[in-house]
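If you want the building blocks of each chain, they are given just below.
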Amino acid sequence: MNRFFTCCLLLMTTICPLFAQQAYDVQPGEPAPLNGIDYGFEIKNESRVDISGGPFMRYEVTIYATNKSNCSKLFFPKPTLFSSTDPNQLAEFDCLNATGKRMTSKSGKVLARPFTVPYQQKIKTADGKDAYSTTNIQAGYVLRNGETVSNSFIVIVPDNEKPRMKVRISELPDF
């Protein structure tokens, strides 16, 4: 029984890093390009606040992903057993020096928009004639060429510091 657990542990330590997300440091106004998509953030607003008698900096941060690959990126949700990520998540931005005070965020996600296709089906009407009905069905997610998706959140960092951000990019398959 001990050998079984040892083998499982060894297998997990060698396979799990293969599924880990890549993480990149990003600076304001300097996006990280990967596979034709630019991942970056901008500081929209900053102010100094006093929390529990100490000074802190409050920043409103906008995170974004812009498709500059000259083609649309389509991807389909992958069924996973242990994953808790959104199926349309492009990237997750983490603020490394965020304090989380006053119920503020330490991270934010950039999500792709749904992609639908029309499906036409034949139905019978009340008088027995054939009619066609068209329904839009979600087939996956898309980031069109030139499209930017964004999200905003507020972080509080120690006084006289700027947000230090790291982006974890979800793997997008090529079609």
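Residues numbered from 1 in each chain as written. Predicted model: local features only at pLDDT ≥ 70, side-chain atom pairs only at ≥ 80, totals over all residues. Heavy atoms only, no water.

### Points about the nonpolar core
- Counting 27 residues, the largest nonpolar core has Tyr-39, Ile-63, Leu-90, Phe-93, Val-155 and Met-165 as its most contacted members.
- No other element matches strand S4 (residues 54-67), which puts five residues into this core.
- Beyond its immediate stretch of four places on either side in the chain, Ile-63 contacts Gly-40, Phe-41, Phe-93, Gly-108, Lys-109, Val-110, Val-149, Ser-150, Asn-151, Phe-153 and Met-165. (Core = buried A, V, L, I, M, F, W, Y, C linked by side-chain atoms within 4.5 Å. Buried < 20%, exposed > 50% of the residue type's maximum accessible area, 1.4 Å probe, protein only. Helix = DSSP H or I, 4+ residues; strand = E, 2+ residues; numbered from the N terminus. Contact = heavy atoms within 4.5 Å.)

### Quick look at a nonpolar patch on the surface
- Taken together, Val-117, Tyr-119 and Ile-137 make up a surface patch of nonpolar side chains, about 250 Å² in accessible area.
- Given a relative accessible area of 39%, Ile-137 falls into the partly exposed group. (Patch = residues over 30% accessible without salt bridge, like charges linked within 9 Å, V, L, I, M, F, W, Y side chains within 5 Å. Areas by Shrake-Rupley, 256 points an atom, 1.4 Å probe, with all protein chains shown as cover. Salt bridge = Lys/Arg side-chain N within 4 Å of Asp/Glu carboxyl O.)

### Let's talk about the confidence of the model for the protein
- Taken over all residues, the pLDDT of the protein has a mean of 84, while the share at 70 or more is 81%.
- Mean pLDDT across the elements of the protein ranges from a minimum in helix H1 (residues 2-15), with 53, to a maximum in strand S10 (residues 148-158), with 94.
- Counting interchain partners and residues more than four positions distant, the pLDDT-below-50 stretch residues 14-19 has one contact. (pLDDT = per-residue confidence, 0-100.)

### As for the sheet that holds strand S6 (residues 89-95)
- Here four strands make up an open sheet; going across it, the order is S1-S11-S6-S7 and the pairing antiparallel. Strand pairing shows two members of the sheet lacking a second neighbour, strand S1 (22-26) and strand S7 (107-111), which therefore form its edges. Strand-to-strand twist across the sheet, computed as the mean angle between neighbouring axes with direction ignored, equals 25 degrees.
- Here five bridges tie S6 to S7, and the two strands are oriented antiparallel to one another. Its bridge partner being in S7, Phe-93 is matched across the sheet by Gly-108. (Pairing = 2+ DSSP bridges. Axes fitted to C-alpha atoms, helices over the stretch in contact; angles between N-to-C directions.)

### Considering the pattern of salt bridges
- Enumeration over the complete set of coordinates arrives at ten salt bridges.
- Taking the shortest distance from any N to any O, the salt bridge between Asp-94 and Arg-168 comes out at 2.8 Å. Here Asp-94, found in strand S6, pairs with Arg-168, found in strand S11 (residues 165-169); they are 74 residues apart in sequence, far enough to count as distant.
- Here Arg-168 falls in the partly exposed class, since its relative accessible area comes to 26%.
- Of the charged contacts in the structure, one is a salt bridge between Lys-124 and Asp-130, with a shortest N-O distance of 3.0 Å.
- Members of the salt-bridge network, linked through shared partners, are Glu-92, Asp-94 and Arg-168.

### Concerning the packing of aromatic side chains
- A complete count under the given rule lists one aromatic pair for this structure.
- Seen in terms of ring centroids, Phe-75 and Tyr-141 are 5.9 Å apart; in terms of plane orientation they differ by 35 degrees. Their pairing is tilted. Separated by 66 residues along the polypeptide, Phe-75 in strand S5 (residues 73-75) and Tyr-141 in strand S9 (residues 130-143) bring together distant segments of the chain. A single burial state applies to Phe-75 and to Tyr-141, both of which are buried. (Phe/Tyr/Trp six-rings, centres within 6.5 Å; stacked < 30°, edge-to-face > 60°.)

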